[in-house]
Each structure stands twice: as C-alpha cells, then as structure tokens.
Amino acid sequence: MAPFLLFKSSLHVLNRRHLRLKVLQTIYAMLQSDSDDLVKYEKTLLHSMQVMEDIYLLMMSAFVEIRQKEEEYIEVAKKKHLATPEERNPNLKFVQNQVLLHLASLQDLKDRMEQRKLFYWKNNDDAILWLIQAIKESDLYQDYLQDKKQSWENDLAFVRKMFEEIIAPNNKLYELMEDNYMQWADDFPLVNSFILKQLKTWEKGRNAFQLSPLFKDLEDKDFALELFRKVMLNYKTLQKEYENKTPNWDMERIALMDIILLNMAIAEFLYFSSIPIKVTINEYLEIAKEYSTPNSAIFINGVLDQLVKTEENKTRYRKVGRGLM
C-alpha cells in the first residue's frame, strides 16, 4: 500500500445551513411547548447538534464493523470440519480492501466512539449482519470479487458504491436507528450525503482520510447558540419589524414556521454584522422551500426584500466588511 500524505480535511459535519435548521427546530419546539426555559432549550440545541456527530461516527464505524465481522466469519469457516474448498481458500479481496483497512486503523474514530460511549453496533450486531448479507447478495460485491485488479482507486470506488447503493438506503438499518434516535429521520439523509461527499474527495497520494469535526470551528457553534438566544430574547421585537408591513397577509394566519424563519433572518440582519444580507435571505428561502408551506418562500422573500430596501433599514442592517450588503 502506498503511503498516505497527511491532510487535514476542510469538510465538517455541520455547515451553517444545518446550524440554522437546528436552531429553527429548537425554537419551534420551545414555542410549541409554551416554555420560557431558555437554558433547557439551549441544551436541547446542543444535543441536537451532537446527534449529527453521533450518527456520523456510527455510520463511519459501520465500515469497520462490516469488514471485521466478515473477517471473523472467514476464519470460522476455514476451521469447519467439513469446510468447502471455497471456505478453505476464500477470496480475501473484501477484507483486504485498502480503504476499509485504513478506516479500521483510525485511532481518532476509536477515541471519539469511546468518548461518546457509542457502543451501538456491539449491542446491535444483527444490523451489521443484515448489511453484510445485503452486500454479499449484490452484483456490486460479486463483480468486485471477480475483478482481479487490486488498487486503491478500485477499492475506493467499490466502497463509495457500497455505501451509496446498499448501506445508506437499507430500510432495516433506518428503522432500527429511528427507534434509538428521535431526530434520525431528519439527520440521516444529511449525514449520508456528507459521508458520500467526503468519500468522493478521498484520493490516494493527495488526501489522507481523516474524520471530520462536528463544527468548522468554535465560531460556528457560537453562531448557533447566539442566533437562538437573539431570536428568543427579542422575539416580539423582531416580529414588530414586519407585522405592519404585510398588507396582503393576515398576521394571525401566518404559519408559525414562517414567523420563526422571518425572525431568524431579521435577527441576522440586526445582530450578525459579518453575514451578508443576500446570504441570509438565500439561506432562509432554501430552508422555507423544504420545511414550510409551498407559498412560504415567496412570502418570506417578499417581506425581507421590502424590509432591506427601506432607507431606515439600509442603515440599521448595515454590514461590516468589504462587499457585505
């Protein structure tokens, strides 16, 4: 195996849109519960972000568990009294896959699993067996074993396809994990998309694979907490920014999700001077399209566009930094 060059990945599990979404979900839950316990829901927000890392670590460790289980099975089969010729001389290409071996060697993965006390696969090894069965029954696996070519590129291509076509969409795995993680349904697709993106950036001789951190830096974590606090501590004040500026919309009939999205966007206008207004608007329009009503993005865009164009707000929403407007 060729040596790996040290490379610190610029990828991180939670980007700013994910953070905004986590804040949105937490605010919605707090308002629905009619609670004023800010500290409690700050902890809820932190936990919801941590769940993303837990799922990421579990899915990455699944590669390690699958390879290890298959290796154990091969060793047991070899020692059978009536072992077949295939069992005595097994095809070892899968368990010798260079990518899977590298993942198994990552001390950071072991340390972070231990730190988070993630013993999920040890307690649910039947899930690993389901995945192994699905993998071995696939044409992808059979074609891979029959291909005599053993190279890093070949191994990586197989692992990517195995994850994308077999592991990530596995219904049994999804149902099992959903029982253990309440937010699994929302977070699972995001984490899987991230892992696939990470695998696609991993090239031999240029990038060595390392686990990604949860946040890009502490500033991102602080951003999420600060955004949550600013919105909840100024909720009524933020709402007054637009409540008399929606002549075609009855405030009492505006969806709660849309009110929260507007308040979050205006909080960014007022309190986050380094975030460009256009970035804020685009981010909340994308979130509205996916998580609110069909007309929400149009409504939110109209309100925010009207607000940023007034002479008064051009001063109040002024951004700090070159090119921020």
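These numbers were taken from a predicted model, which means no experiment stands behind them.

Participant: Outline the overall build of the protein, listing residues and values.
Facilitator: Looking only at helices and strands, one finds 17 helices and 0 strands in the protein. Within the protein, buried positions represent 48% of all 325 residues. The contacts of the protein with a sequence gap of at least 6 include a subset with a gap of at least 24, amounting to 79%. Roughly 17,500 Å² of accessible area belongs to the protein as shown, and the carbon and sulfur atoms make up 50% of that amount.

Participant: Would you mind going over the environment of Leu14 in detail, with residue names and values included?
Facilitator: Take Leu14: it is sitting in the segment before α1 (16-32). The residues contacting Leu14, other than those within four sequence positions of it, are Leu19, Met49, Met52, Leu214, Phe215 and Asp220.

Participant: Break down the confidence of the model for the protein for me, with residues and values.
Facilitator: Overall, the prediction assigns the protein a mean pLDDT of 86, with 89% of residues at 70 or greater. Within the model, the stretch residues 1-10 combines pLDDT values under 50 with 19 contacts to residues more than four positions away or in other chains.

Participant: Which residues make up unusual backbone geometry, and what are the values?
Facilitator: Despite not being glycine, Asp34 has its phi angle at roughly 60°, a positive value. Looking at where Asp34 falls in the secondary structure, it is placed in the loop between α1 and α2 (38-78). Under the relative-accessibility criterion, Asp34 is labelled exposed at 71%.

Participant: Tell me about the packing of α1 against helix α14 (residues 256-271), and please be specific about residues and values.
Facilitator: In helix packing, the relevant descriptors are the interaxial angle and the interaxial distance, both defined with respect to the helix axes. In contact at an axis separation of 10 Å, α1 and α14 are set at 125° when each is read in the N-to-C sense. Taken together, α1 and α14 sit at an angle that is classed as oblique. At the point where α1 passes α14, the crossing takes the right-handed sense. Here α1 contributes Arg20, Val23, Leu24, Ile27, Tyr28, Leu31 and Gln32 to the contact with α14, which in turn contributes Leu256, Met257, Ile260, Leu261, Met264 and Glu268.

Participant: Got a sec to walk through the packing of α14 against helix α16 (residues 296-309)? Specific residues and values, please.
Facilitator: Between α14 and α16, whose axes approach to 11 Å, the crossing angle comes to 30°. On the basis of the axis angle, α14 is roughly parallel to α16. Here α14 runs over α16; the crossing is right-handed. Contact with α14, carried on its side by Asp258, Leu261, Leu262, Ala265, Ile266 and Phe269, involves Ser296, Phe299, Ile300, Val303, Leu304, Leu307 and Val308 of α16 and no other residues of that element. Its residues assigned to classes, the contact of α14 with α16 shows 11 nonpolar, 1 polar and 1 charged.

Participant: Could you give an account of the packing of aromatic side chains, with specific residues and numbers?
Facilitator: Applying the stated rule across the entire model yields 9 aromatic pairs. The interplanar angle of 70° and the centroid separation of 5.5 Å between the aromatic rings of Tyr56 and Phe194 together place this pair among those described as edge-to-face. Separated by 138 residues along the polypeptide, Tyr56 in helix α2 and Phe194 in helix α11 (residues 184-200) bring together distant segments of the chain. Since its relative accessible area comes to 0%, Tyr56 is described here as buried. Above the face of the Tyr144 ring, Lys93 is positioned so that its terminal group lies 4.3 Å from the ring centre.

Cut-offs used in this document
- Residues numbered from 1 in each chain as written.
- Predicted model: local features only at pLDDT ≥ 70, side-chain atom pairs only at ≥ 80, totals over all residues.
- Heavy atoms only, no water.
- Helix = DSSP H or I, 4+ residues; strand = E, 2+ residues; numbered from the N terminus.
- Buried < 20%, exposed > 50% of the residue type's maximum accessible area, 1.4 Å probe, protein only.
- Contact = heavy atoms within 4.5 Å.
- Areas by Shrake-Rupley, 256 points an atom, 1.4 Å probe, with all protein chains shown as cover.
- pLDDT = per-residue confidence, 0-100.
- Axes fitted to C-alpha atoms, helices over the stretch in contact; angles between N-to-C directions.
- Parallel < 35°, antiparallel > 145°, perpendicular 65-115°, else oblique.
- Left-handed = near helix turned anticlockwise from the far one by under 90°.
- Nonpolar A, V, L, I, M, F, W, Y, C, P; charged D, E, K, R; others polar.
- Phe/Tyr/Trp six-rings, centres within 6.5 Å; stacked < 30°, edge-to-face > 60°.
- Lys NZ or Arg CZ within 6 Å of the ring centre and 35° of its normal.

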